[in-house]
Amino acid sequence: MIKEPSPSTARRFVGRVCLVTGAAGGIGSAIARRLADEGALVQVADLDADACARVAEEIVLAGGRAEARPFDLTDPDACVAAVEEMITAHGGLDVVVNNAGINRRGALLELGPDDWSATFAVNVDAMVHLCRAVLPAMISAGQGAIVNTASQWGLSPAPGHVAYNASKAAVVSFTQSLARDYAPAGVRVNAVCPGEIFTPMLAGNLARSGRTKADLDALVPYGRVGYPEEVAALVAFLASDEAPYLCGAAVEITGAQAVA
Ligand code: NAD
């Protein structure tokens, strides 16, 4: 029987401060909501200040705790300043979810002049800046969880997406490297590797191409595409105290769909 995602009643993040980047987007907003539902004070980070404020407000209206933290992840100084501001305001950051990402499509000879560097600036460099900024506080706290949103395509590349695939492979390797180096300090670092997830953007693309969600569902062995809430549930598990021995994992969430 194909099941739909169900809401959680867990409260694993009470008293924790959790930063989520790309938190105005399809998957990021679901992660922000999930962590807030479980008791976290969520730092809603995104480039889009209005969308950041909207997501934070929605969480607060639903009875959760959230603050909008708009900044540009491609600006290394802004990344460091934002983390320092959050740590100063709240005494630390317990969880960082590096989720923001962009996808510049194309084979190498089809990419525009800045497609490679723009992709790596958001998908890889921003994650590095944020981790570098937050690690000292996590190490001195003797604990912390970092969850990076990679992609199934970081493990098994899809055709025609060279920059995106390579950037997500870098996310996986960075995650494993960081986990090895900082597990002794009590900091756990893991990655999620989603397959195709039914975000508002994907719904829009479908509508434009004349295909339906049922067309996509039919391609997945489990019988349907994944939902942002399901990625959020996995991120919450990896970031929680229920996963103390998970360090350096890159967990696929794909409904068993192989990369075509
Ligand atoms: P999305 O476009 O809905 O959200 C991405 C968010 O990142 C946006 O809100 C955007 O404003 C933000 N962002 C982009 N550049 C930024 C910058 N310079 N500074 C700050 N914020 C910035 O995308 P999504 O589908 O929710 O994807 C979220 C993550 O999941 C990405 O890392 C993506 O690569 C990954 N992913 C998505 C899918 C999928 O099917 N949707 C599959 C695998 C992996």
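Cut-offs used in this document
- Residues numbered from 1 in each chain as written.
- Predicted model: local features only at pLDDT ≥ 70, side-chain atom pairs only at ≥ 80, totals over all residues.
- Heavy atoms only, no water.
- UniProt positions renumbered as here; feature names shortened; annotations may be inferred.
- Helix = DSSP H or I, 4+ residues; strand = E, 2+ residues; numbered from the N terminus.
- Polar contact = N/O pair within 3.5 Å; in protein donor to acceptor, adjacent residues only side chain to side chain.
- Contact = heavy atoms within 4.5 Å.
- Core = buried A, V, L, I, M, F, W, Y, C linked by side-chain atoms within 4.5 Å.
- Buried < 20%, exposed > 50% of the residue type's maximum accessible area, 1.4 Å probe, protein only.
- 1 Å grid on protein atoms, 1.4 Å probe; cavity = no way out; pocket = protein on both sides within 12 Å on 5 of 7 lines; lining within 4 Å.
- Points joined across faces, edges and corners; volume = space filled by probe spheres on them.
- Nonpolar A, V, L, I, M, F, W, Y, C, P; charged D, E, K, R; others polar.
- Expected span 1.5 Å × (residues − 1).
- Axes fitted to C-alpha atoms, helices over the stretch in contact; angles between N-to-C directions.
- Parallel < 35°, antiparallel > 145°, perpendicular 65-115°, else oblique.
- Left-handed = near helix turned anticlockwise from the far one by under 90°.
- Phe/Tyr/Trp six-rings, centres within 6.5 Å; stacked < 30°, edge-to-face > 60°.
- Lys NZ or Arg CZ within 6 Å of the ring centre and 35° of its normal.

Per an unreviewed UniProt entry, the recorded name for the chain is SDR family NAD(P)-dependent oxidoreductase, and the organism is Microlunatus spumicola. Quoted verbatim from the Sequence similarities (unreviewed entry) field of the UniProt record, the comment on the chain reads "Belongs to the short-chain dehydrogenases/reductases (SDR) family."

Undergrad: Explain the side chain of Arg69 to me, and be specific about the residues and the numbers.
TA: As for its position among the elements, Arg69 is in strand β3 (residues 65-70). Here Glu85 takes part through its side chain, which lies 3.0 Å from a polar atom of the side chain of Arg69. Filtering out sequence-adjacent residues up to four positions away, Arg69 remains in contact with Gln43, Val44, Ala45, Asp46, Cys52, Glu85, Met86, Ala89 and His90.

Undergrad: Quick rundown of the nonpolar core? Include the residues and the values.
TA: In this structure, Phe71, Val83, Leu93, Val134 and Ile146 are the most contacted members of the largest nonpolar core, which totals 37 residues. The set of elements that each furnish at least two residues to this core consists of β1 (17-21), β2 (41-46), α3 (76-90), α4 (115-141), α5 (162-182) and β6 (187-194). Once residues lying within four places of it in the same chain are set aside, the contact partners of Ile146 are Val96, Asn98, Cys131, Val134, Leu135, Met138, Leu178, Val187, Arg188, Val189 and Asn190. Residues Ala30, Ala32, Ala236 and Ala239 belong to the second largest nonpolar core, which totals 31 residues.

Undergrad: Before we move on, could you go through empty space enclosed by the protein and cite the residues and values that matter?
TA: As enumerated under the stated definition, the model contains one cavity of 30 Å³ or more in all. Here the largest cavity defines a volume of roughly 70 Å³. Ranked by residue count, the leading element in the lining of the largest cavity is α4, at five residues. Across the lining of the largest cavity, the residue classes tally to seven nonpolar, five polar and one charged.

Undergrad: Can you lay out α5 for me, pointing to particular residues and giving the numbers?
TA: Between its terminal C-alpha atoms α5 stretches 30 Å, which fits the 30 Å expected from 21 residues at 1.5 Å a residue. Among the residues of α5, those classed as buried are Ala163, Tyr164, Asn165, Ser167, Lys168, Val171, Val172, Phe174, Thr175, Leu178 and Ala179. Looking at the buried side of α5, the elements it contacts are α4, β5 (144-149), β6 and β7 (250-253).

Undergrad: Just give me the short version of the side chain of Gln43, but keep the residues and values in it.
TA: Relative to the helices and strands, Gln43 resides in strand β2. Here Arg69 takes part through its side chain, which lies 2.6 Å from a polar atom of the side chain of Gln43.

Undergrad: Can you lay out the packing of α4 against α5 for me, pointing to particular residues and giving the numbers?
TA: It is at 9 Å that the axes of α4 and α5 come closest, and there the two elements cross at 15°. On the basis of their axis angle, the class for α4 and α5 is roughly parallel. Between α4 and α5 lies a crossing whose hand is right-handed. Packed against α4, whose contacting residues are Trp116, Thr119, Phe120, Asn123, Val124, Met127, Val128, Cys131, Leu135 and Ile139, the element α5 presents Val162, Ala163, Tyr164, Ala166, Ser167, Lys168, Ala170, Val171, Phe174, Leu178 and Tyr182 at the interface. Of the residues contributing to the contact of α4 with α5, the split by class is 17 nonpolar, three polar and one charged.

Undergrad: Hey, could you go over the packing of aromatic side chains for me, with residue numbers and the actual values?
TA: The tally for this structure, following the rule as stated, stands at two aromatic pairs. Pairing Trp116 with Phe120 gives two aromatic rings, centres 4.9 Å apart and planes at 20°, and the pair type is stacked. Linking Trp116 with Phe120, this pair stays in helix α4, spanning four residues, or about one helical turn. Given a relative accessible area of 36%, Trp116 falls into the partly exposed group. Of the residues examined, Phe120 reaches a relative accessible area of 17% and is grouped as buried. Residues Trp153 and Tyr164 carry aromatic rings whose centres are separated by 5.9 Å and whose planes lie at 85° to one another, so their mutual orientation is edge-to-face. You can see Trp153 sitting in the loop between β5 and α5 and its partner Tyr164 sitting in helix α5, a full 11 residues away along the chain. Taking the ring centre of Phe198 as reference, the NZ or CZ of Lys213 above it sits at 5.6 Å.

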